[in-house]
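Chain by chain, the residues:
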Amino acid sequence: MTASPSTRGAARTAAIMQATLDLARENGYASLSIEAVAARAGVGKNTIYRRWVSKGELFLDSLLSQNAPALEFADTGDLLADLLRQAYAVTDLLANGTWGPLYRALVAEAQHDPAVAAGLDERFIRPQTERTVARVKLGQEQGQVSPDLDLDLAMTILSGPLYYRLLISREPVSRAFIDSVFATLFAGLSPRERP
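Residues numbered from 1 in each chain as written. Predicted model: local features only at pLDDT ≥ 70, side-chain atom pairs only at ≥ 80, totals over all residues. Heavy atoms only, no water.

Asks: Would you take a moment to explain the overall build of the protein chain for this structure?
Replies: Scanning the protein chain from terminus to terminus reveals 9 helices and 0 strands. Start at the N end of the protein chain and walk to the C end: the helices and strands fall as α-α-α-α-α-α-α-α-α. Taking all 195 residues of the protein chain together, the buried fraction comes to 42%. In the structure as shown, the protein chain presents an accessible area of about 10,500 Å², 55% of it carried by carbon and sulfur atoms. (Helix = DSSP H or I, 4+ residues; strand = E, 2+ residues; numbered from the N terminus. Buried < 20%, exposed > 50% of the residue type's maximum accessible area, 1.4 Å probe, protein only. Areas by Shrake-Rupley, 256 points an atom, 1.4 Å probe, with all protein chains shown as cover.)

Asks: What is the right way to read the packing of aromatic side chains from this model?
Replies: To describe a pair of aromatic rings, you give the distance between the ring centres and the angle between the ring planes. Under the counting rule described, the total for this entry stands at 5 aromatic pairs. Aromatic side chains Y103 and Y163 sit 6.3 Å apart centroid to centroid with 50° between the ring planes, which places their arrangement in the tilted category. Of the two residues, Y103 sits in helix 6 (residues 99–110) while Y163 sits in helix 8 (residues 151–169), which places them 60 residues apart along the sequence. Sitting above the plane of the Y29 ring, K55 keeps its charged end 4.4 Å from the centroid. (Phe/Tyr/Trp six-rings, centres within 6.5 Å; stacked < 30°, edge-to-face > 60°. Lys NZ or Arg CZ within 6 Å of the ring centre and 35° of its normal.)

Asks: Would you mind going over the side chain of R165 with me for this structure?
Replies: Along the chain, R165 falls in helix 8. Looking at R165, the relative accessible area reads 18%, which means it is buried. For R165, the residues in contact, after removing those within four places along its chain, are R170, E171, P172, V173 and F177. (Contact = heavy atoms within 4.5 Å.)

Asks: Please explain the side chain of Q140 as it appears in this structure.
Replies: Among the secondary structure elements, Q140 is positioned in helix 7 (residues 114–141). Residue classification places Q140 among the buried residues on the basis of a relative accessible area of 15%.

Asks: In this structure, what is going on with the pattern of salt bridges? I would like to understand it.
Replies: Between side chains of opposite charge, a pair can form when the charged atoms approach closely. Scanning all chains against the criterion turns up 11 salt bridges. With a shortest N-O distance of 2.2 Å, D61 and R123 are connected by a salt bridge. Of the two residues, D61 sits in helix 4 (residues 55–64) while R123 sits in helix 7, which places them 62 residues apart along the sequence. Taking the relative accessible area as the measure of exposure, D61 reaches 21% and is therefore partly exposed. For D92, the salt bridge is made with R175, and the minimal N-O distance between the two is 2.6 Å. Taken together, the residues span a long stretch of sequence, with D92 in helix 5 (residues 79–95) and R175 in helix 9 (residues 175–189) at a distance of 83 residues. Its relative accessible area of 38% is what places D92 among the partly exposed residues. For R175, a relative accessible area of 39% gives the class partly exposed. Taken together, the shared-partner salt bridges in this structure form one network comprising D75, D82, R85 and R135. (Salt bridge = Lys/Arg side-chain N within 4 Å of Asp/Glu carboxyl O.)

Asks: Sorry if this is basic, but what is going on with a positive patch on the surface here?
Replies: A grouping of R8, R12, R50 and R51 is seen on the molecular surface, where their side chains present a positively charged patch. Looking at the positive patch, the elements that each hand over two or more residues are helix 1 (5–27) and helix 3 (45–51). Summarising the element assignment, R12 is placed in helix 1. Look at R12 and you get partly exposed, because its relative accessible area is 34%. (Patch = residues over 30% accessible without salt bridge, like charges linked within 9 Å, V, L, I, M, F, W, Y side chains within 5 Å. Lys, Arg positive; Asp, Glu negative; His and termini not counted. Charge placed at Lys NZ, Arg CZ, Asp CG, Glu CD.)

Asks: Mind showing me how you'd approach the packing of helix 4 against helix 6 here?
Replies: Helix-helix packing: each pair is described by the crossing angle between the helix axes and the interaxial distance. Interaxial distance between helix 4 and helix 6 falls to 10 Å at its minimum, and their mutual angle equals 145°. Crossing of helix 4 over helix 6 shows left-handed handedness. Residues G56, F59, L60, L63 and L64 of helix 4 form the contact with helix 6, whose own contacting residues are W99, L102, Y103, A105, L106 and E109. Split by residue class, the contact of helix 4 with helix 6 holds 9 nonpolar, 1 polar and 1 charged. (Axes fitted to C-alpha atoms, helices over the stretch in contact; angles between N-to-C directions. Left-handed = near helix turned anticlockwise from the far one by under 90°. Nonpolar A, V, L, I, M, F, W, Y, C, P; charged D, E, K, R; others polar.)

Shown next, in the form of structure tokens:
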């Protein structure tokens, strides 16, 4: 039985994205080329360019296709536990020797390619931000954090230390580090008795 055109197209797309990730892991993103991806995937360059305008957009699609289910929020009724669980999932993903360096390369590419920046924001950063803010807002409504908390500022404070270590200091991002950040943060977020 012959595969349908849509099945062949999906298989070809998966092969291209896997080749992209494999080559980026082996040689680094800077050395990645459409020609090398085409050769590894067994397709022509035009097949790739019909789907992706640039190497950056191909890399974005390839990398983001790998992690969506791992970063969903639970709602156990305990805001701190839920935020920690999600932060641990992010930490484990970034500490992974293959995904972390690729994500750093993607963020770096986004600084130079507006289409990659927009795609990264639309498909990863904004959805993660919206889910986090929604979970903190629910905790706020349940009285678990101060009713005066600026939710956008809370998101910046929650993600800032992680990105600082990932992109600037290159220090390890560990669960112990996340624990210390959240303990400090929640000491300041807790509802307070009004005088």
